[in-house]
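Close look at the chain arrangement
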Amino acid sequence: MDKLVIEGGKPLSGSIVIQGAKNAALPILAASLLADGTTTIDHVPKLLDIEVMLNILRELGCRAEHIGDTVVLDTEAAHTSHVPESLMGQMRSSIFLMGPLLARFGEVQVYQPGGCAIGERKIDLHLQGLEALGAEIEELGNRIICRADKLYGADIHLSFPSVGATENIMMAAVLAEGRTTISNAAREPEIQDLQRFLNTMGAKIIGAGTDTITIEGVQSLKPCRYKVIPDRIVAGTIMVAAAATRGQVTLQNTNPAHLTSLIHVLRRAGVQIVVDGDIIKVGSASRPKAVERIVTSPYPAFPTDLQSQVMVLLTLADGVSILKETIFEGRLKHVDELSRMGADIRVDLNAAIIRGVPRLYGATVEATDLRAGAALVIAGLAANGKTVVEQVHHIDRGYDRIESMLSRLGARITRNSPVPNNLTN
């Protein structure tokens, strides 16, 4: 397995263009199934999760090419709604295919999805939403079969504002007969991007970005060309890395409105941030201040996907900070790895009490999930000495060659890949 080797202690400096958003691109790729023909999607990053989604679409009969940051997807030959178990097990976001496949074929067969081990993430809300639209659902072990001769609009209330459930219901409802209303809908920017994409295809959706989304069903959709929004989590990761290394970094191709909660936290920590259009400048020349309390919650509150990265910054802060995780119960596994590097963190149920230390020290650590892996890279950049981050495949799910990205900002980071056996004989 690949490893990242980091020589820490060097402030990041320079300018970087932020990649397209993985969490926007994945449902958009799935939604392309709703129209026959060729759809072109720009600003799609080359990531493991994206490749898994494209492989699933190929298995369904689609033709898919990923050239540069553009995906060309021809769905005309799609002929099956059975998603292979081997591919579903690689990525949780494969569940997004339920809505569009049900709307297109009247039936879909999937399996319990895989992905990061960050806690229990049930798909009950997805199934309840599809049932409300008229689907019959049969569960056989880990296999799920949904059938519907016709889908009908419905009023659907989500007990929790699940991003995936909101997106799945939106994609199924666009071709349903009548009006669908989703209340307590997720409000994330990726939901808004999916609405824009579907409307570009001919859907009639309003309300994304609020807690109520209304979909007027249409007869059919048409292929289109679309550009995915910037990745707010990648942007946030770079911002925290700049602050943790006491560097000066300019981020281009961002949407600062998507990063409001992070910007607020970083400013409370004493980090200098200047926003100018789609450009964010981040600078820090001194030790960060402790932030008394941060709580992860659904958008627009502080995102769980930036919790672990900000925790690294707080390990170096002057004072005691408290970071509470309310979304995923398994998302504090990186605490043990940070402790190996000298961090002083105590976990109490779903809260981390972080007592800042003057410095971290290099160590060999393991990425337990995607965002924890990014956090450990930040820790390595800020630490004294050499850090080795193992299980890099987790990081590759969400960051397009993170070592190249950071090297452009002056980081001393390399990827070590194992030599194939046939080359060592």
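Read on for a plain summary of the structure.

Calculation rules
- Residues numbered from 1 in each chain as written.
- Predicted model: local features only at pLDDT ≥ 70, side-chain atom pairs only at ≥ 80, totals over all residues.
- Heavy atoms only, no water.
- 1 Å grid on protein atoms, 1.4 Å probe; cavity = no way out; pocket = protein on both sides within 12 Å on 5 of 7 lines; lining within 4 Å.
- Points joined across faces, edges and corners; volume = space filled by probe spheres on them.
- Helix = DSSP H or I, 4+ residues; strand = E, 2+ residues; numbered from the N terminus.
- Axes fitted to C-alpha atoms, helices over the stretch in contact; angles between N-to-C directions.
- Parallel < 35°, antiparallel > 145°, perpendicular 65-115°, else oblique.
- Left-handed = near helix turned anticlockwise from the far one by under 90°.
- Contact = heavy atoms within 4.5 Å.
- Buried < 20%, exposed > 50% of the residue type's maximum accessible area, 1.4 Å probe, protein only.

Here we look at empty space enclosed by the protein
Tallied over the entire structure, the rule returns three cavities of 30 Å³ or more. Here the largest cavity defines a volume of roughly 50 Å³. Considering the residues around the largest cavity, the lining is formed by T237, I238, A241, A374, V377, I378, L381, Y399, I402, M405 and L406. Of all the elements in the fold, those that place two or more residues in the lining of the largest cavity are α8 (232–244), α12 (370–382) and α14 (402–407).

Here's the deal with the packing of helix α5 (residues 124–132) against helix α6 (residues 163–173)
Two numbers describe how α5 lies on α6: the axes approach to 8 Å, and their chain directions differ by 25 degrees. With respect to their mutual orientation, α5 and α6 come out roughly parallel. Along this stretch, α5 crosses α6, giving a crossing that reads as right-handed. The segment α5 lies against α6, with L125, H126, G129 and L130 engaging G164, A165, N168, I169 and A172.

Observations concerning unusual backbone geometry
Following Y299, the chain continues into P300 via a peptide bond in cis, with omega recorded as 15 degrees. Its location among the elements puts P300 in the loop between β17 (293–295) and α10 (307–315). Positive phi values are uncommon outside glycine, yet N253 reaches one of about 60 degrees. Residue position: N253 is located in the loop between β14 (248–252) and α9 (260–268). Overall, N253 belongs to the buried group, its relative accessible area being 18%. Backbone geometry at Q391 places phi at a positive 60 degrees, although glycine is not the residue there. Along the chain, Q391 turns up in the loop between β22 (386–390) and α13 (393–396).

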